[in-house]
Amino acid sequence: MIEYRNLRIALLGAGSVGSQVARLLLEHGDELAARVGAGLELVGVAVRDVDAPRDTSIPRELLTTDAPTLIRSADIVIELMGGIEPAREFILLAINSGADVVTGNKALLATHGPELFDAAEQVGAQLYYEAAAGGAIPIIRPLRDSLAGDRVKRVMGIVNGTTNFILDRMDVEGSTFDDALATATALGYAEADPTADVEGYDAAQKAAILASLAFHTAVPVEAVHREGMTTVTASQVESAEKAGYVVKLLAICERLVDPETGVEGVVARVHPALISRRHPLAAVHDAKNAVFVQAEAAGDLMFYGAGAGGLETASAVLGDLVSAARRHVAGGPGVGESTHANLPVLGIGSVTTRYQLTLIVTDKPGVLAQIASLFSEHGVSVEAVQQTVASADPARPADEPLTATLVIVTHEASEAALSATVAAVSADDSVVRIESVLRVEGDTP
Ligand code: NDP
Ligand code: HSE
């Protein structure tokens with residue numbers, strides 16, 4: 001029997017995610033109440049326009065444009081408006097009014113996370129944000145709770161569905177970037193302005209959140225190295241496939257020791273990279289997301305599922321709501337964010353990884369040896385070389401030199417050594433052009 005009073009739930013936003021949260025909360029209220037041990041009463045839904053069309057029907061009397069009054073009346077506030085302001089102001093108001101907060105706002109957490117966590121800790125409130133990285137995928141709780149006794153070494157994720165959809169189309173169907181983006185837009189995966197997805201901003205926000213949690217260190221989004229995937233070409237994807245790789249936009253968060261300075265720190269980066277087709281992340285197709293976690297004791301773990309979608313994301317939000325409600329019933333202060341490690345946040349220059357370079361070179365004696373010597377002069381060790389002679393075209397003018405394509409995969413090298421090698425290679429007379437330079441992550445196929 002439920003003896004605790006009803007808990008008052010305020011919802012801020014009734015868009016893609018908020019409208020599904022409202023529907024599920026209204027439809028499954030009794031079941032959720034039984035799980036919590038208290039009724040969950042949706043006391044209001046703040047929106048910009050109460051007359052705007054909605055994905056689900058929300059009783060008219062619940063809709064309001066007066067968010068502050070609604071917030072002050074609530075035990076738990078669910079923020080699903082998005083953006084920085086007024087979401088930040090409303091979350092601070094909720095915390096300072098004694099409410100716990102559930103949010104899916106990655107942009108806000110990646111930029112103002114420490115301010116919000118500090119405010120919550122000061123008053124003993126709790127901030128839940130499972131939906132902020134990976135949508136429906138449980139990844140925040142595993143990093144925060146399940147792996148709290150382990151040491152995470154690396155988190156490597158496909159955390160943006162739009163870009164995974166585009167790269168998957170390029171890989172599976174041989175589409176160009178533009179055609180795949182057009183399909184993603186037509187299917188509703190990509191926004192009218194896809195910049196946040198294709199330039200890696202969305203993934204960088206999620207990387208900041210995951211890195212902060214995994215390494216108990218506040219990692220601001222500005223410290224995340226970010227490269228978009230608009231420059232990935234169909235020919236890069238095709239040659240990756242031939243070599244046993246697939247191109248993915250990866251968010252990589254790792255704890256490492258800078259090889260030059262010996263300083264141990266955290267690096268977070270987002271960029272397109274090659275991974276072996278045998279790596280678990282290579283099997284992540286369409287707009288799905290996955291996060292591959294490597295921990296000292298647990299070993300390799302992978303979390304997979306829908307990274308977006310109103311209904312799917314609502315699942316994560318409701319999970320947080322049940323946790324927040326149970327805490328109300330059980331009592332006790334919220335647990336603050338753990339930033340005890342406070343490791344230095346290092347730049348991309350501290351990373352060592354493997355690289356694949358595709359070079360178009362003149363096909364004449366000594367070129368391969370000359371290129372190899374440039375790698376060795378800069379301390380970059382070559383793991384594999386594949387050569388294809390391309391200019392066998394009989395219509396080729398007699399004065400045009402024969403060219404060959406060299407695909408070189410290196411052993412692990414620092415960014416600095418690789419950049420110096422690329423500069424030297426591009427200045428070499430026998431090199432017609434550098435077709436592509438991509439990082440290679442994970443094991444050799
Ligand atoms: P939408 O844009 O679909 O909805 C936003 C809602 O917030 C709308 O109902 C809007 O009101 C309301 N709103 C916006 N500004 C205000 C304001 N100043 N005062 C009151 N209400 C306001 O967003 P989503 O549902 O897509 O996303 C919500 C959050 O969830 C974001 O932080 C997003 O990053 C995150 N998220 C979303 C995912 C997804 O798949 N969509 C996946 C994972 C996380 P009105 O309807 O009147 O315009
Ligand atoms: N635009 C994002 C994506 C939505 O494509 O994954 C979820 O953050």
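The rules behind the values
Residues numbered from 1 in each chain as written. Chains lettered and ligands numbered in written order. Predicted model: local features only at pLDDT ≥ 70, side-chain atom pairs only at ≥ 80, totals over all residues. Heavy atoms only, no water. Helix = DSSP H or I, 4+ residues; strand = E, 2+ residues; numbered from the N terminus. Buried < 20%, exposed > 50% of the residue type's maximum accessible area, 1.4 Å probe, protein only. Contact = heavy atoms within 4.5 Å. Areas by Shrake-Rupley, 256 points an atom, 1.4 Å probe, with all protein chains shown as cover. Lys, Arg positive; Asp, Glu negative; His and termini not counted. Charge placed at Lys NZ, Arg CZ, Asp CG, Glu CD. Domains from an automatic or database assignment. Buried area = accessible area lost by both parts, 1.4 Å probe. Salt bridge = Lys/Arg side-chain N within 4 Å of Asp/Glu carboxyl O. Polar contact = N/O pair within 3.5 Å; in protein donor to acceptor, adjacent residues only side chain to side chain. Pairing = 2+ DSSP bridges. Near = heavy atom within 4 Å. Nonpolar A, V, L, I, M, F, W, Y, C, P; charged D, E, K, R; others polar. Arc of directions from axis to C-beta. Axes fitted to C-alpha atoms, helices over the stretch in contact; angles between N-to-C directions. Core = buried A, V, L, I, M, F, W, Y, C linked by side-chain atoms within 4.5 Å.

**Observations concerning the overall build of the protein**
Argument step 1. On a plain count of helices and strands, the protein comes out with 14 helices and 17 strands.
Argument step 2. With the principal axes as the frame, the protein shows a C-alpha extent of 85 × 50 × 35 Å.
Argument step 3. Here the protein holds 445 residues, and 53% of them are scored as buried.
Argument step 4. Contacts in the protein between residues far apart in sequence, at least 24 positions, make up 74% of those at least 6 positions apart.
Argument step 5. Accessible area of the protein: about 18900 Å², with a carbon and sulfur share of 50%.
Argument step 6. Between the mean site of the 32 positive side-chain charges and the mean site of the 58 negative ones, the protein shows a separation of 4 Å.

**Looking at the domain arrangement of the protein**
Argument step 1. One can read the domain layout of the protein as domain 1 (7–134 + 311–330), domain 2 (140–306) and domain 3 (351–441).
Argument step 2. Domain 2 and domain 3 are separated by 27 Å when their C-alpha centres are compared.
Argument step 3. Between domain 2 and domain 3, the contact holds 20 residues from the first and 11 residues from the second.
Argument step 4. For domain 2, the biggest contributors to the area lost against domain 3 are Gln-236, Tyr-245 and Leu-274; these three give 38% of the whole.
Argument step 5. Taken together, the links from domain 2 to domain 3 amount to three salt bridges.
Argument step 6. Arg-439 is paired through a salt bridge with Glu-227; the nearest N and O atoms lie 3.0 Å apart.
Argument step 7. Counting every contact that joins domain 2 to domain 3 gives seven residue pairs in polar contact (both at pLDDT 80 or more).

**As for the pairing of strand S9 (residues 245–257)**
Argument step 1. The buried fraction of S9 amounts to 11 of the 13 residues, a majority that puts the element mostly inside the structure.
Argument step 2. Sheet topology places strand S7 (residues 152–158) next to S9; four bridges connect them, and they run antiparallel. Along S9, the bridge assignment pairs Gly-157 with Ala-251.
Argument step 3. Where S9 meets strand S10 (residues 264–276), 13 bridges bridge the pair, whose relative direction is antiparallel. Bridge assignment links Leu-250 to a residue of S10, and that residue is His-271.
Argument step 4. Counted between consecutive antiparallel strands, the loop separating S9 from S10 contains six residues, among which Gly-262 sits at a positive phi close to 75°.

**Considering the side chain of Ser-19**
Argument step 1. For Ser-19, the location among the structural elements is in helix H1 (residues 16–27).
Argument step 2. Ser-19 gets classed as buried once you look at its relative accessible area, which sits at 0%.

**Observations concerning the environment of Glu-61**
Argument step 1. For Glu-61, the location among the structural elements is in the loop between strand S2 (40–46) and strand S3 (63–64).
Argument step 2. Placed 28 residues apart in sequence, Glu-61 and Glu-89 show a C-alpha to C-alpha distance of 25 Å.

**Some remarks on the site of ligand 1**
Argument step 1. Taken together, 21 residues are adjacent to ligand 1, and Ala-14, Val-17, Asp-49, Arg-54 and Gly-309 come closest.
Argument step 2. Take Lys-106: an N or O atom from its side chain is 3.1 Å from an oxygen atom of ligand 1.
Argument step 3. One of the backbone N or O atoms of Gly-309 is found 2.7 Å from an oxygen atom in ligand 1.
Argument step 4. Taken by itself ligand 1 offers 900 Å² of open surface, and the protein chains cover 77% of this.
Argument step 5. Within the shell around ligand 1, the residues separate by chemical class into nine nonpolar, eight polar and four charged.

**What about helix H11 (residues 234–242)?**
Since the α-helix advances by 3.6 residues per turn, residues separated by three or four positions end up pointing in the same direction.
Argument step 1. Buried within H11 are the following residues: Gln-236, Val-237 and Ala-240. Relative to the axis of H11, the buried residues are bounded by an arc of 100° and lie together on one face.
Argument step 2. Positive backbone phi, at 90°, marks Gly-244, one or two positions downstream of H11.

**With respect to unusual backbone geometry**
Argument step 1. At the junction of Glu-85 and Pro-86, the peptide bond is cis and its omega measures out at 5° in the coordinates.
Argument step 2. Inspection of the secondary structure puts Pro-86 in the loop between strand S4 (76–79) and helix H4 (87–96).

**A short note on the sheet that holds S3**
Argument step 1. Spatially, the six strands line up as an open sheet ordered S3-S2-S1-S4-S5-S6, and their pairing is parallel. This sheet does not close on itself; its edge strands, each paired only once, are S3 and strand S6 (127–128).
Argument step 2. With six bridges connecting them, strand S1 (residues 7–12) and S2 associate as parallel partners. Looking at the pairing, Leu-7 lines up with Leu-40 of S2.
Argument step 3. Contacting S1, S4, strand S5 (100–103) and S6, H4 crosses the sheet at an angle of about 150° to S5.
Argument step 4. Strand contacts of helix H12 (residues 310–330): S1, S2, S4, S5 and S6, with the helix running at about 170° to S5, the strand carrying the most contacts.

**What to know about the nonpolar core**
Argument step 1. If you look at the biggest cluster of nonpolar residues, it comprises 81 residues, and the most contacted ones within it are Ile-139, Leu-143, Ile-166 and Leu-210.
Argument step 2. Ranked by residue count, the leading element in this core is helix H10 (residues 201–214), at nine residues.
Argument step 3. Among residues more than four places away in sequence, those in contact with Ile-139 are Glu-130, Ala-133, Leu-210, Val-291, Val-293 and Phe-303.
Argument step 4. By size, the runner-up hydrophobic cluster in this structure holds 34 residues, among which are Val-50, Ile-58, Ala-131 and Ala-324.

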